[in-house]
Every structure is written in structure tokens, then in C-alpha cells.
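Results of the structural survey
Here's the letter readout for the chains.
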Amino acid sequence: MDNSLPPADELVLVDRELARLDARRAQLLTRRAWLVQVLYQPARAATPQRPVPPLAPAADSTPRSAQNVLLTLGGTLLTIAAVAFTLVSWGSMGIGGRAAVLCAVTGAALAAPVVLLRRGLASTAESVAVLGLVLTVLDAYALHRVALSDADGLGYAAVASAALAGAWAAYGSALPRLRVPLPAGVVAAQLPLPLGALAAGGGATAFAWAALVTAAADGAVVLWTRPLPVRITAGAGAAVLGGWALLTGGWLSLSSPWSGAPLLLAGAAVCLYAAWRASVSAWAVAVSAVAGLAAVAAVGGLLRSALPGDWAVPGYVLCALLLASVWRAGARVPRGVRTGLAGAGASTVALGLAWALPPVAAGALGPLARTTEVWSGEHAGPALVACPATAVPVLAVVAAVLASVPRLWARCGALVLVWALLTALPVAPGLPYAATLALQLLTTAAALWIAVHPTPLTRGLPRPETPPTTSPDANTTTGPTDRPATGPTDHPVTGPAGAPVTGPAGQSASGSVPPPPSVPPRAPGAGFGAPGTGWAPPRPRPQAPAAEPGSVLGWVAYAGGLVSAAGAVALALDVRGATFLVLGAVLGLLTGVTVLGTGARRTVSACGAVLVAAGLVFAGAAAAGLEDHWAGPALLLVPAATAVVGAKARPVALPVEITGAVVGLAALGLTVSRPAFLALVLALGGVIAAATAVRPERRRFASWTAAGLFLLAAWVRLGTWGVTTPEAYTLPVTVPALAVGFLRRRRDPEASSWTAYGPGLAVTLLPSLGAAWTDPEWVRPLVLGVAALVVTLLGARFRLQALLLLGGTVLALDGLHELAPYVVQVVGALPRWLPPALAGLLLLAVGATYEQRLRDARRLRERLARMR
């Protein structure tokens with residue numbers, strides 16, 4: 001009978017046993033570490049400590065730096081001495097002596113580095129070589145002063161610099177360990193052609209061509225030589241001379257295009273070749289951008305000379321668009337070159353669009369800056385006196401090009417440019433008033449339609465990428481393969497049952513050592529991130545979802561539609577009939593977006609529709625000849641309508657009602673000057689709020705609002721009637737407040753009486769007390785005293801602290817007011833010694849019964865504290 005287990009079950013048992021052994025081993029290692037610490041720590045403490053020798057002070061400089069400083073100073077001093085000898089002491093020697101001295105010193109200075117390099121003195125050889133190079137310059141100067149003094153200075157300088165450049169380059173090639181001669185030869189090579197052009201009598205154009213050829217040679221040195229100092233020096237020379245040549249070409253393209261265009265195109269070709277061969281992407285982008293700008297300036301200058309003046313900028317923009325199309329060349333053109341050329345074209349197009357912006361700004365913002373009266377029938381003059389008519393073609397061409405690019409940013413740009421085109425169209429040609437108004441309404445309608453249905457504009461656009469998600473069972477990311485994302489690398493890899501899989505040497509399969517004793521071992525059957533593993537999987541980083549193209553395009557179109565709508569409304573204020581027509585059209589469009597749109601655009605459109613409706617009502621009141629205080633009640637039609645709409649349009653109910661409330665505040669502002677109309681508007685607002693309070697979700701806020709509006713309406717009406725009795729203003733507040741407090745106490749018996757009844761009682765009792773103290777009649781104090789007595793008795797009966805204290809205080813002050821005249825009479829009739837005597841007797845009585853009075857005060861305080 002075969003009792004062996006299946007391989008899967010046996011593997012589980014082996015894994016469990018290995019996990020148990022690992023756990024036991026970890027415990028033993030921890031115990032061993034503690035024992036070693038206990039045994040050997042006293043011995044280490046008893047071992048005498050050897051004195052540590054003091055550290056030597058750190059040197060301020062290295063020997064190499066000190067050597068370089070000394071050599072530099074020595075070479076500089078020798079150079080100064082040579083220059084002084086050549087310029088000052090030259091005349092004290094004959095021609096033979098002069099030649100002998102210069103040749104001997106120069107030959108010695110140039111030959112000495114050979115010997116110094118053989119002995120390993122590279123820095124010294126470098127300093128002496130620099131001295132020799134300076135002496136060759138002095139030799140050339142001396143030769144011109146002595147033997148060739150009749151030669152032209154610029155021509156001789158060009159020939160001498162060429163000879164020195166060749167000599168220094170040969171010297172540096174013969175001694176490659178010297179770092180200065182080759183860059184010095186490159187510096188000298190920058191002078192021959194520019195100096196030769198000046199010597200030949202060439203103007204700015206010839207000098208620019210010479211500088212461009214020299215820059216091209218420098219570029220060749222950068223591309224085809226290996227020493228880094230040489231390449232850096234040649235690159236600096238190419239940047240300076242090439243930049244000068246291109247700037248000269250740009251200046252010539254403005255004054256003489258046919259002279260500047262060849263220079264710019266040649267410079268663009270040189271820069272483009274250098275960018276194509278460049279190994280660094282950043283340099284390729286920069287150099288190709290310069291090439292693109294030069295090409296656009298050259299071709300655009302030629303077009304400018306052949307076209308009318310207004311078409312100069314469109315010509316440059318057309319060239320820039322053709323240049324930017326290089327981006328679609330694909331892999332045939334290096335990415336750095338494509339990026340630079342496209343960037344140059346895009347920057348030129350951006351400048352062209354900035355040139356075309358003034359008519360757009362005039363069309364969008366011009367109606368808002370009114371210079372005529374409303375409904376006067378007069379139209380404001382053009383905001384721009386001189387507006388280029390070719391701005392519209394620039395906007396149209398760029399919009400068409402961007403529309404053909406299947407990218408979201410390009411579609412957004414094309415949409416903005418189409419809106420700008422329609423906005424600038426009435427300004428550039430100068431359309432009449434009716435056509436301008438109709439075009440703005442059409443622009444508004446088209447933009448709002450795209451905001452609701454942006455799907456046609458998203459055709460051909462790539463779908464946004466879905467960010468990777470994290471699986472819930474492990475720290476893994478869904479993708480082509482499922483593997484642990486990130487975690488400690490020092491944990492063993494678990495097997496099928498979760499136990500560590502070990503190799504032959506007892507290490508984990510990943511090659512890592514076992515975990516330290518402080519980390520508890522992974523329990524059997526536990527995977528990564530399970531309880532007991534000693535670590536938790538890192539929380540996945542949240543990634544923002546990509547924006548939907550339709551949503552982005554919808555918001556862009558919606559913003560343009562709102563701006564066009566505002567401009568149309570402002571422009572329509574010139575004519576009465578146009579005002580009602582445009583307001584009605586905008587109200588219909590915003591209502592359509594509210595019904596058909598979604599999200600925040602629906603909410604904004606609903607609020608905008610409420611404001612437009614308010615403007616329509618106000619315009620109607622103004623057309624009917626009503627004054628402002630009559631227009632206030634008419635404006636309350638808008639809050640009433642929003643209350644009705646809010647009961648049915650749940651998604652936009654709250655924003656619509658808030659906007660209606662804002663319109664109601666405007667109605668109050670219109671009637672402030674007429675209190676009677678103000679009271680009417682407040683009362684009507686209270687009615688609207690009370691009707692809104694019927695809805696359960698608005699009951700709490702709307703009911704309080706209605707009560708407040710009714711109370712304010714009553715107060716304003718009483719003030720209009722000349723009522724000065726404070727009770728007429730306070731009792732309408734006290735009665736409902738006490739009723740609300742009574743209902744709250746019934747629902748919550750633990751509620752404080754100060755919260756339930758205190759505000760309502762204080763609103764009436766305190767103003768009435770102030771009026772009673774200044775009232776010479778007896779009726780008000782009597783009624784107030786009776787009311788305060790009733791309140792005090794009710795407080796004592798039902799153990800309510802607020803009623804007892806408020807009523808008692810008011811009753812005492814009211815009684816004191818009534819007894820004050822008699823007290824004054826009695827005090828005046830008594831002898832002068834009697835009040836001090838009575839005060840002394842009172843103090844003696846209080847002192848004799850002081851302890852009893854303290855106990856009575858404590859009991860009174862405790863009783864008051866037990867009241868609600």
C-alpha cells in the first residue's frame with residue numbers, strides 16, 4: 001500500500017516546515033546577539049582607551065593650485081616685460097640686435113616646452129608656451145613697424161592673424177599635451193576674413209559675409225574635431241560671428257530684401273547643417289530654431305517687397321506655417337531639428353496673431369465701453385481708427401491649419417481663432433450696426449451649440465489614455481504582467497504556500513539575505529503585504545484622469561459664447577427694439593443650454609438666464625416709463641419665477657434660486673428711496689419665501705427668511721406711518737419667538753430657558769423699560785410692571801431661570817423708577833445725620849448675620865442653577 005503524499009501536498013508540508021525552521025532560527029539569532037552584548041560589553045568597558053593623536057591642520061590649498069598660481073603670475077610678468085621691451089626699449093637697439101633678440105627669445109620660449117614636457121613639467125611648459133605665443137604676436141607687430149611700415153594696417157593684420165593661426169595650430173598639433181595653442185589658433189582664425197573684408201573696402205554686407213564664412217568654418221571645427229577646448233572656442237566664435245551676420249541680414253531684409261535674403265538663407269543653411277549633425281538634442285533644437293527664423297525672415301522679406309504693405313505680416317505668417325509643417329516630416333528629419341524648426345515657425349505665427357489681436361479686442365470689448373446714451377439711437381465710433389484689413393485672413397489661415405492637426409490643443413486653438421475671426425469681422429471691414437449685431441448673435445448661438453454638442457469637433461482626436469489601476473489583492477499594477485510593484489528587496493520570495501523559497505546556500509531565491517531579527521518572519525500562507533510580514537504595501541499614487549476632448553472643447557466654446565453674448569447685449573443698448581430682441585435671443589439660447597447641457601455649464605447657463613430675464617423685465621419697465629421705485633416690484637417677477645422653476649428643475653434649483661434672491665436684493669435697492677414701496681417689496685419677498693417654504697428641502701431656511709421679510713416690511717410700514725411706540729416694533733417679534741421657544745421646550749425638555757424664551761422676552765422688555773424710564777405718563781410703567789410681574793411669577797412657578805431673572809430685574813427697575821420721586825422727597829425731609837446712622841445700623845446687622853446671609857446666598861444660587 002502506497003502511503004506517499006501527492007507532490008502538491010508534500011510541497012505544502014515542506015514549505016511549512018521550512019517556515020518554522022526560519023522562525024526558530026530568527027529567535028536563536030536574536031538570543032545570541034543579546035548574549036554577545038551582555039558578555040563582551042564589560043570587557044570593552046574595562047579596556048583602556050589609547051590617546052588619540054591630534055589631527056594636523058587642514059591645508060588651505062593644494063600643491064597643484066599653488067603651482068598654477070605661481071606659474072600664471074610668472075608668465076604674466078614675463079609677458080608684461082616682453083611687451084614693455086618691444087614698445088619702449090625697441091629704439092635703443094639696431095635692426096640686427098632687434099631681430100636677434102626677438103628671434104632668440106621667441107625660439108627659446110617655443111622650444112622650452114618640449115624639454116619641460118619630457119621631464120613631466122606640464123604646467124610649467126604650458127606657461128612658457130603661452131609666453132611664446134605672446135612673443136609671436138610681438139614679432140608680427142615688430143615686423144610691421146620695422147620692415148613693413150608702409151603696408152595697410154588692416155590688410156597686414158589679416159595676413160598676420162592668418163599666419164599666426166596656422167603657426168599656432170601647427171605648434172599645438174606637434175605638442176598635443178599643451179592645451180592653449182590650439183584654442184589660441186582658433187581665436188586667431190576668427191580675424192583674417194573680417195579684417196580682409198574691411199581692408200578691401202567692403203561695407204556691412206561684405207563684413208557680414210566674411211563673418212558668416214568664418215562662422216561656418218568654426219562650425220566645421222566644432223563638428224569634426226575632438227579636443228573639447230577647441231570645440232568650445234570654435235562654438236563661441238561661431239555664435240558671435242554668425243549672430244552678427246544674421247542680425248545684419250535681418251536688418252538688410254528690412255531695407256534691401258534682395259541683399260539680405262541670400263545672407264539669411266546662407267546662414268540658415270549653415271545652421272541647419274550644424275543642427276542636423278549635432279549630437280546634443282538641446283543644441284540641435286536651438287540652432288535649428290535660429291535657422292528657421294533666418295529662413296522666415298529671408299523669404300518673408302522678399303514677399304514683403306512684392307506685396308502691398310498690409311500683406312507683409314500675412315506673408316511672414318504663411319512662411320512660418322510652411323516652416324512649422326516640417327514637424328510632419330517624421331523620422332526622415334531628426335527630432336531636434338524638427339522641434340527647432342517647428343518652434344521657430346510657431347513663434348512667428350504667434351507674433352502674427354498678436355498683430356491681428358487689436359480688431360478682436362475692439363470687437364469683443366468695444367461695446368462695453370459706452371460713449372453714447374442708452375436707447376439714444378446713436379452708435380459709438382470705431383474703437384480703432386486704423387485697423388489692418390488683413391488681420392482676418394491671418395486668423396482664418398492659422399485656424400484652418402490648426403484644425404487639420406489631430407491634437408486637442410490644436411483644435412482648441414482653431415476654435416478660439418474662429419471665434420476671434422467672427423468677432424473681428426465686423427471691425428476690420430466696418431460692417432453696419434444691424435449686420436454687426438446679427439453676426440454677434442450668430443457667433444453666440446454657434447459657440448453655445450458647440451458647448452452643448454462638441455462631438456463633431458473631436459473626430460480624429462486620439463482618445464485619452466486610461467491611467468493604470470492598482471489591483472486590490474496585492475501591490476501589483478494591472479498591465480501586461482502582474483508582478484509586485486515596489487517593496488523591500490531584502491525579503492525572501494514566497495512560494496505557493498507563502499513560505500520563503502530558499503536556494504542551496506540558504507539564501508532567498510532573489511539572492512538576498514534573510515530578514516533581521518527585529519522583523520518578524522512572514523507567517524505561513526501569507527503573501528506580500530499580508531499581516532505579519534513586517535511591512536505594508538505602498539499606497540498607489542493617485543493619477544489625475546486625462547481630460548476628455550469634448551469637455552475641454554465645450555468649455556472653450558462656452559467661454560467664447562458668453563463673451564459674445566455680453567458684447568451683443570452691450571451693443572444692443574443703442575436701440576430700444578434691438579435691446580428686447582437681443583435679450584430675448586440670449587435668454588432663449590441660455591435656456592437651451594440649461595435644458596440640453598450638463599454639468600457646470602448647465603448651472604452657469606441657468607444663472608445667466610435668470611440675470612438676462614431680470615434685464616428684460618427692467619428694460620420693459622423702463623420702456624413703459626416707470627420710475628425706479630416702480631421697477632422694484634416688477635423685478636420680483638424674476639424671484640417668483642425662480643421659485644417656481646426651482647420646484648421642478650432639481651439639478652439647478654439652488655443656483656437658480658440664489659440668483660433670483662440676488663435679483664430681489666437689486667429690487668430692494670431700487671426702492672430704498674421710497675419707504676412705502678420698500679415695505680411692499682419686502683412683503684412680496686416674504687410671500688415668495690413663504691411659498692418656497694412649502695417645499696420640504698427649503699422649509700427651514702425659507703420659513704425664517706419669510707418671517708424676517710414680513711417683520712422688516714411691518715417695521716418699514718410702521719415707520720412710514722410715524723409710529724414711535726417701541727412695542728409696535730417688538731411685539732411682532734416677541735410673540736412668534738415665544739411660540740417657537742415653547743414648541744422647542746415641548747420637543748426638548750432639557751433645553752435652557754435662556755435659549756427658548758430669553759431672546760423673545762428681551763426684545764420687548766428691555767426696549768419697553770428704556771421707554772418707561774423716559775415716559776412721564778403712568779400707563780406704560782404700570783402695564784410694564786404688570787407684564788414683568790406675570791413673567792416673574794411664571795418663572796417661579798415653572799422654575800424657569802430666564803423668566804424669573806428677566807421679569808424680576810425689569811419689575812425691580814420699573815418699581816424703582818416709580819418710587820424715585822417719593823424717595824427723593826423723603827430723603828430731603830430727613831435730618832442730615834440720619835442717613836449715615838441708618839447705613840451704620842445696616843452694616844452692623846449684616847455683619848452680625850454674615851454667616852446666615854452667605855448660606856442664604858448659596859441656597860439661592862443653587863436654586864437658580866437647578867432652574868432651566
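None of these values were measured; they are calculated from a predicted model. (Residues numbered from 1 in each chain as written. Predicted model: local features only at pLDDT ≥ 70, side-chain atom pairs only at ≥ 80, totals over all residues. Heavy atoms only, no water.)

**Remarks on the confidence of the model for the protein**
- Here the protein averages 80 in pLDDT, and 78% of its residues register 70 or above.
- No element of the protein has a lower mean pLDDT than helix α2 (residues 63-87), at 52, and none a higher one than helix α19 (residues 576-596), at 94.
- Overall, residues 51-64 carries pLDDT values under 50, and its contacts beyond four positions in sequence, including any with other chains, amount to one contact.
- Ignoring residues within four places in sequence, the model shows residues 469-538, a span with pLDDT below 50, making 93 contacts including any to other chains. (pLDDT = per-residue confidence, 0-100. Helix = DSSP H or I, 4+ residues; strand = E, 2+ residues; numbered from the N terminus. Contact = heavy atoms within 4.5 Å.)

**With respect to the packing of α19 against helix α20 (residues 599-623)**
- The contact between α19 and α20 brings their axes to 8 Å, and the two run at 155 degrees. With respect to each other, α19 and α20 are oriented roughly antiparallel. Crossing handedness for the pair α19 and α20: left-handed.
- Partitioning the contact of α19 with α20 into residue classes produces 14 nonpolar, eight polar and three charged. (Axes fitted to C-alpha atoms, helices over the stretch in contact; angles between N-to-C directions. Parallel < 35°, antiparallel > 145°, perpendicular 65-115°, else oblique. Left-handed = near helix turned anticlockwise from the far one by under 90°. Nonpolar A, V, L, I, M, F, W, Y, C, P; charged D, E, K, R; others polar.)

**Description of helix α24 (residues 675-692)**
- Helix length check: α24, at 18 residues, gives a terminal C-alpha distance of 25 Å against a target of 26 Å (1.5 Å per residue), a fit within 8%.
- All buried positions along α24 are accounted for by F677, L678, A679, V681, L682, G685, G686, I688, A689 and T692.
- In the core, the buried residues of α24 are packed alongside α21 (628-635), α22 (637-648), α23 (653-670) and α25 (699-721). (Expected span 1.5 Å × (residues − 1). Buried < 20%, exposed > 50% of the residue type's maximum accessible area, 1.4 Å probe, protein only.)

**What to know about the layout of surface pockets**
- The computed volume of the largest pocket comes to approximately 1200 Å³.
- If you trace the largest pocket, you find 44 residues lining it, with A239, C271, A274, W283 and V287 closest to the centre.
- Taken together, the elements giving at least two residues each to the lining of the largest pocket come down to α8 (204-224), α9 (228-255), α10 (257-277), α11 (281-306), α12 (312-324) and α13 (335-355).
- Here the lining of the largest pocket is composed, by residue class, of 33 nonpolar, nine polar and two charged. (1 Å grid on protein atoms, 1.4 Å probe; cavity = no way out; pocket = protein on both sides within 12 Å on 5 of 7 lines; lining within 4 Å. Points joined across faces, edges and corners; volume = space filled by probe spheres on them.)

**Considerations on the pattern of salt bridges**
- Counted according to the given criterion, the structure contains six salt bridges.
- A salt bridge links E727 to R780, with the nearest nitrogen and oxygen atoms 2.8 Å apart. Within this pair, whereas E727 is found in helix α26 (residues 726-747), its partner R780 is found in helix α29 (residues 779-798), the two being separated by 53 residues in sequence.
- Accessibility expressed as a relative area gives 21% for R780, which makes it partly exposed.
- A salt bridge links R780 to D775, with the shortest nitrogen-to-oxygen separation between them at 3.1 Å.
- A relative accessible area of 18% means that D775 is categorised as buried.
- By sharing partners, the salt bridges in this structure join E657, R695, E697 and R698 into a single network. (Salt bridge = Lys/Arg side-chain N within 4 Å of Asp/Glu carboxyl O.)

**Some thoughts on empty space enclosed by the protein**
- Under the definition given, this model contains one cavity of 30 Å³ or more.
- Space inside the largest cavity adds up to approximately 70 Å³.
- The wall of the largest cavity is formed by G363, A364, W419, L422, T423, Q440, T443, V563, S564 and G567.
- Elements with a minimum of two residues in the lining of the largest cavity: α14 (357-365), α16 (408-424), α17 (433-452) and α18 (549-572).
- Taken together, the residues that form the lining of the largest cavity break down as four nonpolar, six polar and no charged.

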